[in-house]
Amino acid sequence: MGFGAWAIGGAGWEFGWGDQDDKASIAAIHRALELGINWIDTAAVYGMGHSEEVVAAALKSWRGPRPYVFTKCGLRWDEQGYVHRSLQADSIRRECEASLRRLKVETIDLYQIHWPNEDLEEGWSEMARLQKEGKVRWIGVSNFDANQLRRAEKIAPVTSLQPPYSLIRREIEPEILPYCRSNGIGVIVYSPMASGLLTGAMTRERAAKLPDSDWRSRDMEFVEPKLSKNLALVERLREMGEEYGRPPGQVAIAWILRNPAVTAAIVGARNAEQVEKNVGAVELQLTDEDVEEIEGINAHEPALITAA
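Residues numbered from 1 in each chain as written. Predicted model: local features only at pLDDT ≥ 70, side-chain atom pairs only at ≥ 80, totals over all residues. Heavy atoms only, no water.

Comments concerning the side chain of Gln-148
- Here Gln-148 shows up in helix α5 (residues 146-153).
- Looking at Gln-148, the relative accessible area reads 17%, which means it is buried.
- Ignoring anything within four residues of it in the chain, the contact list for Gln-148 reads Pro-116, Leu-120 and Asn-143. (Helix = DSSP H or I, 4+ residues; strand = E, 2+ residues; numbered from the N terminus. Buried < 20%, exposed > 50% of the residue type's maximum accessible area, 1.4 Å probe, protein only. Contact = heavy atoms within 4.5 Å.)

Here we look at helix α11 (residues 288-296)
- If you check which residues of α11 are buried, you get Asp-290, Val-291 and Ile-294. Take α11 and look down its axis: the buried residues cluster within an arc of 95°, on one side only. The exposed set on the far side of α11, more than 90 degrees from its buried face, consists of Glu-289, Glu-292 and Gly-296.
- In this fold, the buried residues of α11 make contact with α8 (226-244) and α9 (248-257). (Arc of directions from axis to C-beta.)

With respect to the confidence of the model for the protein
- Residues of the protein with pLDDT of at least 70 account for 96%, and the chain-wide mean is 95.
- Across residues 299-307, confidence stays below pLDDT 50; counting only partners more than four residues off in sequence or on other chains, it has 32 contacts. (pLDDT = per-residue confidence, 0-100.)

Thoughts on the packing of helix α4 (residues 120-132) against α5
- With their axes 9 Å apart at the nearest point, α4 and α5 run at an angle of 50° to one another. For the element pair α4 / α5, the angle class is oblique. Classified by chirality, the crossing of α5 by α4 is right-handed. Between α4, through Leu-120, Glu-121 and Trp-124, and α5, the contact on the second element is made entirely by Gln-148, Arg-151 and Ala-152. (Axes fitted to C-alpha atoms, helices over the stretch in contact; angles between N-to-C directions. Parallel < 35°, antiparallel > 145°, perpendicular 65-115°, else oblique. Left-handed = near helix turned anticlockwise from the far one by under 90°.)

Observations regarding unusual backbone geometry
- Going from Glu-224 to Pro-225, the amide bond is cis rather than trans, its omega being 10°.
- Counting through the fold element by element, Pro-225 comes out in the loop between α7 (204-208) and α8.
- For Asn-143, which is not glycine, the phi dihedral falls at a positive 65°.
- Relative to the helices and strands, Asn-143 resides in the loop between β7 (136-142) and α5.

Remarks on the packing of helix α1 (residues 22-34) against helix α2 (residues 50-60)
- In contact at an axis separation of 9 Å, α1 and α2 are set at 55° when each is read in the N-to-C sense. Between α1 and α2, the interaxial angle falls into the category oblique. Here α1 runs over α2; the crossing is right-handed. For the pair α1 and α2, the contacting residues are Asp-22, Ser-25, Ile-26, Ile-29, His-30 and Leu-33 in the first and His-50, Val-54, Val-55, Ala-57, Ala-58 and Leu-59 in the second.
- When the residues that make up the contact of α1 with α2 are grouped by side-chain class, the tally is eight nonpolar, three polar and one charged. (Nonpolar A, V, L, I, M, F, W, Y, C, P; charged D, E, K, R; others polar.)

Some points on the sheet that holds strand β9 (residues 186-189)
- The eight strands are arranged β1-β2-β3-β6-β7-β8-β9-β10 in a closed barrel whose pairing can be described as parallel. Averaged over all pairs of adjacent strands, the angle between strand axes in this sheet comes to 30°, irrespective of strand direction.
- Note that strand β3 (residues 68-73) and strand β6 (residues 108-113) share four bridges and pair parallel. Residue pairing across strands places Cys-73 opposite Ile-113, the latter belonging to β6. (Pairing = 2+ DSSP bridges.)

Thoughts on the pairing of β6
- Among the six residues of β6, six are classified as buried, and the element is accordingly described as predominantly covered.
- Strand direction decides the pairing type here: β6 and β7, joined by five bridges, are parallel. Paired with Ile-108 across the bridge in β7 is Val-136.
- Chirality of the crossover, the property in question, places the unit of β6, α4 and β7 among those that are right-handed. (Right-handed = clockwise from strand over helix to strand, strands pointing away.)

Here's the deal with the nonpolar core
- Phe-3, Tyr-111, Trp-124, Leu-149, Leu-198 and Leu-286 are the most contacted members of the largest nonpolar core, which has 84 residues in total.
- What Leu-286 contacts, discounting residues up to four positions off in sequence, is Met-240, Tyr-244, Val-251, Ala-254, Trp-255, Arg-258, Val-291 and Ile-294.
- Counting 17 residues, the second largest nonpolar core, distinct from the first, contains Ala-43, Phe-70, Leu-110 and Trp-215. (Core = buried A, V, L, I, M, F, W, Y, C linked by side-chain atoms within 4.5 Å.)

Here you go:
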């Protein structure tokens, strides 16, 4: 399990999570590291650079072993916080230099293309050059399909793929996961608890009150008719979790980690309490019967990719 730093980017951009207290963010990172998590996944676009700055602040005041730091490129933003994709070589190089400065590191442990576009080959070639120059140790991608992975691998090996994956986002199962497993590509999934939907903390009332500054207020999974189906799934996860003495979010994460094609899960947190509530998922072993029960009530059409 890794620490996901999307939400701690805060508000002020197209896919922000609303206002966020930086002190709570730093406390969450420190608690994750105390509990044994040793890698952090962020991105330049999260909070328009702010998430990377918060990660740097947390690591500056951390006295333990240094965790691995992953970040992403390829999403640029304007003054209003609206996001567009750019994989031109000079753009990626400028992004890398900016991320190195914000993170206050000499080398990025895993550098990832955030989203593909028509300049995939140009962007991936530049990623390979950055790796050869030692600015990044490993290079990976996020939100690529199997064909896009094949195109990238003609240029340079892909260390890892970061796709969305949860009980309500299963599009990667038929083709992408088997491709990665057969080709030795690591899979570090994001949003295993569906951006908070499967934690047990989201209610119909809370979903209705999400502020405009929180991108989830515009996501179809948080409104009807899908919201009721998702909350019903949460109740089943809650019942199963009670059998193990675990919250529903841990069951959702454990379901992800049970898949042999999945290397790890990125689990976001906005405070230390959320970290403590989720970290035990790595030790939760679901049975075949558990999985059948969970999947049996999840006749849920795949959601469209909207963010991250």
